[in-house]
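# Structural overview
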Amino acid sequence: MAISFEIPENVQQMTQATAFMAQTYMRPYSRQLDENEHERPKEFVEAMWPILRDQQKATLDKLTRPANGDGEKKKRSSAANLRLMLLVEQLAWGDAGVYLCLPSAGLGGFAIEAVGTTEQKLRFLSRFAEGDKPVWGAMAITEPGAGSDNSSMSTTAVFDEATNEWVLNGEKIFITSGKLALEESNGLVVVWATVNKAAGRAGIKSFIVEAGTPGVSIGKVEIKHGIRASDTASIVFNNARIPADNILGSAEVQATKEDKGFKGAMATFDASRPIVAASALGVGRASLEFVKEKLAKNGIEIPHNLPYHKLTAIQRDVLEMEAQWKAAYLLTLRSVAMMDEGIHNSLEASMAKLKAARACSWIAQKTVEILGQMGYSREWLAEKWMRDSRIAQIYEGTDQINTLIIARRILDYTRRELA
Amino acid sequence: MVSFTPTDEQQLLLDTIRRYAVNDMRGAAHEADEASEPAHDVVRTGWQLGLIPSAIPEELGGFGEMSALTGVLAAEELAFGDLATAMHVLTPALFAYPLVLFGTAEQRENWLPLFLEERFVPATAALLEPGIFFDPYDLSTQASSADGQICLNGAKAYVPLAENARVMLVYARNVETGSVDAYIVEKGTDGVQIEKREQMMGLRALPTYRVHFNNVVVDASARLGGAVGSDFTVLLNRSHVALAALAVGVARASYEYARDYAKQRVQFGKPIAQNQSIAFMLAEAAIEIDAARLLVWEAAWKLDQGEDAAREAYLAKQYADQMVLKVADAGVQVLGGYGFIREYPVERWLRNGRGFPTFTGMAMV
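The rules behind these values
- Along each chain, residues carry numbers from 1 onward, in the same order as the chain's sequence is written.
- Whichever chain is written first becomes A and whichever ligand is written first becomes 1, with later ones labelled in order.
- In view of the model being predicted, local features appear only for residues whose pLDDT reaches at least 70, and side-chain atom pairs are presented and counted only at 80 or more, with totals across whole chains, interfaces and linings using the full set of residues.
- Computation of side-chain values: all heavy atoms of the structure, hydrogens and water removed.
- Between the N-to-C directions of two axes lies an angle of 0 to 180 degrees, each axis being a line fitted to C-alpha atoms and, for a helix, fitted only over the stretch in contact.
- Under the DSSP-based scheme used, a helix requires at least four consecutive residues in state H or I and a strand at least two consecutive residues in state E, with every element numbered from the N terminus.
- Small angles under 35 degrees read as roughly parallel and large ones over 145 as roughly antiparallel, with 65 to 115 read as roughly perpendicular and the rest as oblique.
- Helix crossings get a hand from a simple test, with the near helix turned counterclockwise from the far one by less than a right angle marking a left-handed crossing and a clockwise turn marking a right-handed one.
- By definition, residues are in contact when any of their heavy atoms lie within 4.5 Å.
- Think of it as three bins: nonpolar holds Ala, Val, Leu, Ile, Met, Phe, Trp, Tyr, Cys and Pro, charged holds Asp, Glu, Lys and Arg, and polar takes everything else, Gly as well.
- Per the annotation, domain bounds derive from an automatic or database assignment of domains.
- Joining two parts hides part of their accessible area as seen by a 1.4 Å probe, and the buried area is that hidden amount summed over both.
- Salt bridge, as applied in this entry: a Lys or Arg side-chain nitrogen positioned within 4 Å of an Asp or Glu carboxyl oxygen.
- Under this definition, polar contacts are N or O atom pairs within 3.5 Å; protein pairs additionally need one hydrogen-donor-capable and one acceptor-capable atom, and for neighbouring residues in sequence, both atoms have to be side-chain atoms.
- Between 30 and 60 degrees the pair is tilted, below 30 it is stacked and above 60 it is edge-to-face, where a pair is any two Phe, Tyr or Trp rings, Trp via its six-membered ring, whose centres lie within 6.5 Å.
- Only protein chains enter the calculation, and the probe is 1.4 Å; a residue is then buried if its accessible area is under 20% of its type maximum, exposed if over 50%, and partly exposed in between.
- In our convention, an over-ring charge means Lys NZ or Arg CZ found within 6 Å of a ring centre and within 35 degrees of that ring's normal.
- By this definition, two strands are paired if DSSP reports at least two bridges between them.

## Regarding the packing of helix α1 (residues 8-35) of chain B against helix α3 (residues 68-81) of chain B
Residues and elements named next belong to chain B. Across the interface, α1 lies against α3 with an axial gap of 8 Å and an inter-helix angle of 20°. One element, α1, and the other, α3, form an angle in the roughly parallel class. α3 is crossed by α1, and the crossing has right-handed handedness. From α1, Q10, L13, L14, I17, R18, Y20, A21, V22, M25 and R26 reach across to α3, where they touch L69, T70, L73, A74, E77, L78, F80 and G81. Counted by class, the contact of α1 with α3 contains 12 nonpolar, 3 polar and 3 charged residues.

Structure, rendered in structure tokens:
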């Protein structure tokens, strides 16, 4: 190994192709979809579905292929997380809300990939690999009374031996693409619920709930500050019955190893946090490019060969925005490269997510400030990017929770030692 | 392929420097700082790590492996030990590396073998100038040429090891073209006046001097790169990344010390690190150190690829300048009252860290 920042040729090509999609199917609809909150990004979904479907098919085909070409298989997938990061960064540059409407298994897919058996992967992910109609997946963890403290969730899963089914009861909120997954397509939701409240974290398991399951309904569809094109819904479970083998991982409650029941969720976060970071980076870059373009049109260039005393306040701001963006980008790049190398990345994933979310919110806010009344106007997209960027500091763990995770790791403290 | 893992050789070098930093540099840093005197035996040991000889071309007896990336890895580790000694050991590079990059065959043959010796040979460069508004592209020191000779006039500041330097590179603005060039000036040349040592807030163990050039005449062949000259921007970029890497090292020293202290210091019946107010400061520091390091690595990697890295180097330097101040400041705060006592190293790291925005051109990879 050697330190390198070389993006492989094929990944660069993919990135360019994605940039084209973002320009063609996202940007032109950005304002309209923001103003008409629950309208769906039809053009984008139609353009992306065949691509994502075929990718999912290729991934599933690898699962069923005989195990001989092992080395080759490993080699080909070795930049998978890097690809995803750069793909998402490009799409979020197009539109962060529309990006979240990607017709794919989404976060639910991350969970199934992380903890599902081969049989489960084939059974549940095949719907994302076939057909003409787009399909969505979602992930349901948050509850009205359980946000960052998701181990205190109260949605229950009780096993009914008579019918060999799990029975779910409770309410999940803030589910990205929840309605798309359950009402507008033949999708699925990965639902986290407790099988034994007294066991705390160890009692928490994840279950796959498919569209059309009786007792499952969409409650509220949220109206939001930003990412308005994204569908955010609550899901109510009222004696919803699902097959016994829809549980991801083991049904055992291991009282000794406290965190085992949570392993799945945590593994999901290691993969998903860099992706949230990537989406923040996309919005941040959109803002940064836009403000530089507007400044250039007004004769203001951003130099990199002047000492501090020769820079104007705006030049200093934009240089700082650039440096912050780059720092966030590199932390994210590191977190995905480590995953691709098979190196444990929990700490780095949280660092990347925290830094990227914060930096890019700041960049978007600064852009509005620098552009003055035009920054604040809905005529341009700067104000929208500022609203869109803000969510990255909140979902997949707030800035504060991520700081806490980082602090525990660097100090080698348990949850009890650093609460 | 994107990767953040150093090569085996780089890792070996890092391990060696780490041992030197912890076993030699750390033990001598406080006393050297208090006495404002270099720890000469530690400098000697540091020189024997052979960092500069490894960058000198093979045909001249070196190892021919000049790499900005290896350079920044080494610089961070050295500064983790002690900034003054790190910059002392690396000062000859201020003279040697520009010659490796841009020197004429004659300049390289004349001077580079000097740095292959086992003994530390002081050589340096003079870029900074007195006054508050320094701009490396707009130097007051002037070079004018006549009759195959060059005449230098002006004043330089913060020139490390100037008093003992066998030879130095002097950066000056060509009065006719306005371009910035470097000139080789040997010890004892007429008109070179080395003043008393500068007294600074930090970096006290590194002797630096103000130097005056009064009608200093050198042969035209003393211009770095001869008739072709050199690319000042490239040299400045390499200096930016070197300084930024040193800043990361200082910040890491302060952060690790504060982190370990916070886990041991008990107040209200528990280690202070168990409070979010302390733990979050440390988490913040950890992120910012990593962020700055990655900016440095990327800029250095680009330099090694032969790409234009001017913007990356500039941003990395700017970022690291701010980062080290913030982190070293947090280090002092975590130690509370002890942070203010000179017996503890964190206040020295704050003093040293504060200097980075000022140290333009004082290190090179």
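## Quick look at the domain arrangement of chain B
All names here are of chain B. On domain assignment, one finds that chain B holds domain 1 (8-116), domain 2 (124-222) and domain 3 (232-354). With centres defined by C-alpha atoms, the gap from domain 2 to domain 3 works out at 31 Å. Each side of the interface is counted separately: domain 2 has 9 residues, and domain 3 has 7 residues. Taking both sides of the interface into account, the surface hidden between domain 2 and domain 3 amounts to around 740 Å²; carbon and sulfur atoms contribute 71%. Taken as a group, Y137, Y171 and M201 account for 56% of the area that domain 2 buries against domain 3, more than any other trio of residues on that side. Counting across the interface, domain 2 meets domain 3 through 0 salt bridges. Applying the counting criterion to the domain 2 and domain 3 interface returns 3 residue pairs in polar contact (both at pLDDT 80 or more). Each residue belonging to the side of domain 2 that touches domain 3 can be placed in one class, and the counts come to 7 nonpolar, 1 polar and 1 charged.

## Observations regarding the packing of aromatic side chains
Counted according to the given criterion, the structure contains 15 aromatic pairs over all chains. Measuring from centroid to centroid gives 5.7 Å for F5 of chain A and W301 of chain B, while their planes differ by 55°, and the two rings are tilted. Placement of F5 of chain A in strand β1 (residues 4-5) and of W301 of chain B in helix α7 (residues 276-304) is noted, with the two residues assigned to different chains. Grouping residues by exposure puts F5 of chain A and W301 of chain B together as buried. Residue placement shows R27 of chain A over the ring face of W93 of chain A; its charged tip is 3.9 Å from the ring centre.

## With respect to the environment of S177 of chain A
All names here are of chain A. Position of S177 among the secondary structure elements: in the loop between β4 (165-176) and α9 (178-182). Between the C-alpha atom of S177 and that of W136, which follows or precedes it by 41 residues, the distance is 7.0 Å. Sequence-distant contacts of S177, defined by excluding residues within four places in its chain, comprise L100, W136, G137, A138 and D231.

## A word on the packing of helix α6 (residues 232-264) of chain B against helix α8 (residues 310-334) of chain B
All names here are of chain B. Contact geometry for α6 and α8: axes closest at 8 Å, N-to-C directions at 20°. Put simply, α6 runs roughly parallel to α8. In the crossing of α6 with α8, the sense of the turn from one axis to the other is left-handed. Within the contact of α6 with α8, the residues separate by chemical class into 21 nonpolar, 5 polar and 1 charged.

## Concerning unusual backbone geometry
Phi angles above zero are rare outside glycine, and N164 of chain A is one such case at about 60°. Relative to the helices and strands, N164 of chain A is located in the loop between β3 (156-160) and β4.

## Quick word on the side chain of D321 of chain B
Residue and element names in this part refer to chain B. Note on placement: D321 falls in helix α8. For D321, a relative accessible area of 12% corresponds to the buried category. Residues in contact with D321, not counting those within four places in the same chain, are F356 and P357.

## Overview of the pairing of strand β8 (residues 208-219) of chain B
Residues and elements named next belong to chain B. Where strand β4 (residues 149-160) meets β8, 9 bridges bridge the pair, whose relative direction is antiparallel. Looking at β8, one finds that A155 is bridged to H212. Note: strand β7 (residues 192-197) against β8, 4 bridges, orientation antiparallel. Opposite Q193, over in β8, you have H212 as the bridge partner.

## Section: the pairing of strand β6 (residues 180-186) of chain B
Residues and elements named next belong to chain B. Most of β6 is tucked away: 6 of the 7 residues are buried. Of the strand pairs in this sheet, strand β5 (residues 167-174) and β6 are connected by 7 bridges, and their pairing is antiparallel. Across the sheet, residue R173 finds its bridge partner in β6, namely V180. Taken together, β5 and the strand that follows it, β6, pair antiparallel across an intervening segment of 5 residues, in which G178 is found at a positive phi of about 80°.

## Some points on the domain arrangement of chain A
All names here are of chain A. In terms of domain boundaries, chain A breaks down into domain 1 (9-129), domain 2 (137-257) and domain 3 (261-411). Taken together, the contact pairs 24 residues of domain 1 with 28 residues of domain 2. Interface area for domain 1 against domain 2, summed over the two sides, is near 2200 Å², with a carbon-plus-sulfur share of 58%. Broken down residue by residue, the surface that domain 1 buries against domain 2 is led by E37, R40 and R127, which jointly contribute 28%. The partner of D34 in a salt bridge is R228, with the nearest N and O atoms 4.0 Å apart. Run the count over domain 1 and domain 2 and you get 12 residue pairs in polar contact (both at pLDDT 80 or more). Elements supplying a minimum of two residues to the side of domain 1 that touches domain 2: α2 (30-35), α6 (96-99), α7 (106-115) and α8 (118-125). Among the elements that take part in the side of domain 1 that touches domain 2, α7 stands out by supplying 6 residues, more than any other. Among the residues forming the side of domain 1 that touches domain 2, the class breakdown is 12 nonpolar, 7 polar and 5 charged.

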